[in-house]
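Each chain, letter by letter, is given below.
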Amino acid sequence: MNIHKGYLPGCIGRVVEMHAAYYAHTVGFGMAFEAKVAAELAAFCLHIDSTRDGLWLARDDDGIQGSVVIDGTHHEEAGAHLRWFITSDASRGQGVGAQLLEAAMAFCRARGYRKVYLWTFDELHAARHLYEKHGFVLARTQRGAQWGKEVNEQLFTLGGP
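What counts and what doesn't
- Residues numbered from 1 in each chain as written.
- Predicted model: local features only at pLDDT ≥ 70, side-chain atom pairs only at ≥ 80, totals over all residues.
- Heavy atoms only, no water.
- Disulfide = S-S within 2.5 Å.
- Buried < 20%, exposed > 50% of the residue type's maximum accessible area, 1.4 Å probe, protein only.
- Helix = DSSP H or I, 4+ residues; strand = E, 2+ residues; numbered from the N terminus.
- Pairing = 2+ DSSP bridges.

## Focus: the state of the cysteines
Simply put, disulfide is the name for a covalent bond between the sulfur atoms of two cysteines.
Alright, step 1. Enumeration according to the criterion identifies zero disulfides in this entry.
Alright, step 2. The thiol of Cys45 is unpaired, and the distance to the nearest cysteine sulfur, on Cys11, comes to 5.3 Å.
Alright, step 3. On the accessibility criterion, Cys45 (19% relative accessible area) is buried.
Alright, step 4. For the unlinked cysteine Cys108, the closest cysteine sulfur is that of Cys45, found at 17 Å.
Alright, step 5. On the accessibility criterion, Cys108 (2% relative accessible area) is buried.

In structure tokens form, the structure reads like this:
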């Protein structure tokens, strides 16, 4: 598996597809979730600044198998935002997620980001294990429906106050 930094043609659609398929199957998210991922990822890609933001894609001979993003737009006030972290069904459990997360965290360390945060929800145990292994701690839990279905949302943070 190769970790590629930056945009590749088709990556927006592939990252959206992986999110939509996985979360529909896992927790029943639907069109609202897919549209949210598509709109926000596309907007991010249109305004990416390589001095503060990062996009990493795991790929092999079959194409893109995973992604992670660091959105550093508000790193000074709120922290860098880890987003769109996913691996394909075919690559899940093979260490691809750990490789992607390490690339993102190395970028944050190199940029001197004091705080990194992400939003997730309580049904994603394997992802939580990876976050905690990289030093993230659960900072807050709340009921919410930002993904189109009510879940127990979780805010994980690394560093900062």
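Alright, that's what it looks like, and here's the rest.
## A closer look at the pairing of strand S3 (residues 63–71)
Alright, step 1. For S3, a buried count of eight out of nine residues is recorded, marking the element as mostly surrounded by other parts of the structure.
Alright, step 2. Relative to S3, strand S2 (residues 54–60) runs antiparallel, the two being bridged by seven bridges. Bridge assignment links Ala58 to a residue of S3, and that residue is Gly66.
Alright, step 3. Following S2, the chain reverses through two residues before pairing antiparallel with S3.
Alright, step 4. Alignment of S3 against strand S4 (residues 80–87), held across five bridges, turns out to be antiparallel. Paired with Gly66 across the bridge in S4 is Thr87.

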